[in-house]
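Structural overview for review
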Amino acid sequence: MNDDINAVELAAELTAAWLANPNTRTNAEDVPAFLRSMHAAVAQLSGTATSAAPEEAAQSYEPAVTVRKSLASPDHIISMIDGKPYKTLRRHLSGHGLTAEEYRARYNLKADYPMVAPTYSEARRTMAKSIGLGRNRTGQTIKRPTDDSPKAPRKPRVTKVTEEA
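On a predicted model such as this, the values are computed, not experimentally measured, just so you know. Starting afresh in each chain, residues are numbered from 1 along the sequence in its written order. Totals for whole chains, interfaces and linings use all residues, but because this is a predicted model, local features are given only for residues with pLDDT of at least 70 and pairs of side-chain atoms are given and counted only at 80 or more. Working from all heavy atoms in the structure, the side-chain values ignore hydrogens and water.

1. Notes on the nonpolar core
The criterion is simple. A nonpolar core is a set of buried Ala, Val, Leu, Ile, Met, Phe, Trp, Tyr and Cys residues joined through side-chain atoms within 4.5 Å. Using a 1.4 Å probe on the protein chains alone, a residue whose accessible area is under 20% of its type maximum counts as buried, one over 50% counts as exposed, and one in between counts as partly exposed. Counting 14 residues, the largest nonpolar core has Met 80, Leu 89, Leu 93, Tyr 103, Leu 109, Tyr 113 and Met 115 as the members making the most contacts within it. Helix numbers and strand numbers start at the N terminus; a helix is a DSSP run of H or I with at least 4 residues, a strand a run of E with at least 2. The set of elements that each furnish at least two residues to this core consists of β1 (77-78) and α6 (100-106). Among residues more than four places away in sequence, those in contact with Leu 109 are Val 67, Met 80, Tyr 103 and Arg 104. Of all hydrophobic cores here, the second largest spans 5 residues; its members include Ala 7, Met 38, Val 42 and Ala 43. Here, two residues are considered to be in contact whenever any of their heavy atoms come within 4.5 Å of each other.

2. Structural notes on the pattern of salt bridges
We count a salt bridge whenever a side-chain nitrogen from Lys or Arg sits within 4 Å of a carboxyl oxygen from Asp or Glu. Under the defined criterion, the tally for this structure stands at 1 salt bridge. Between Arg 125 and Glu 122 there is a salt bridge, with the nearest N and O atoms lying 3.3 Å from each other. Of this pair, Arg 125 and Glu 122 both sit in helix α7 (residues 118-130), 3 residues apart, which is roughly one turn of the helix. With a relative accessible area of 40%, Glu 122 lands in the partly exposed category.

3. As for helix α1 (residues 7-20)
By this rule the span expected of a helix is its residue count minus one, scaled by 1.5 Å. Helix length check: α1 (14 residues) gives 20 Å between terminal C-alpha atoms against 20 Å at 1.5 Å per residue, within 8%. Along α1, the positions that sit buried rather than exposed are Ala 7, Ala 11 and Thr 15. Buried residues of α1, viewed axially, fall in a sector of 65°; they line one side. Exposed side chains of α1 directed beyond 90 degrees from the buried face belong to Glu 13 and Ala 20. Looking at the packing, one finds that the buried side of α1 touches α2 (30-46). Its side-chain oxygen placed 3.2 Å from the backbone nitrogen of Val 8, Asn 6 serves as the N-cap of α1. Read the arc as the range of directions from the helix axis to the C-beta atoms. Pairs of N or O atoms within 3.5 Å make up the polar contacts considered here, provided that, within protein, one atom can donate a hydrogen while the other can accept it, and that residues adjacent in sequence are counted only when both atoms are side-chain atoms.

Structure, rendered in structure tokens:
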């Protein structure tokens, strides 16, 4: 066995073998990430791992504005990425490859940090109510049973027994 294992070649061969498996279903976008993780695993096992991954993980992000300033207006939320106002941050974050949870973690925000401006949320709520969402067909608001409300006993399920001759 050769002690001078080339981690890149071995990772490429393992990735090619993985892709050649007929049971593997993957998108083309997933292959580079798999190749990187395979290379990192091979390099770690061979003892030639680099310290690039911890440096990336330790990277801190400086917010463009403070949390207080980002939530100062009810008409918009100011992004901590670029300092621009948005009614909703979801599309803006996806453009930067982030989810709401990743954004909150990156800037050390609480779990209840809003992703939508209050006035925009209220306008959407009003519009939804005006078109009848949340109502049954008779126009009355649906009442949800509480845990304290008595429940009617269920009737036992009756199965039909047939006689075979």
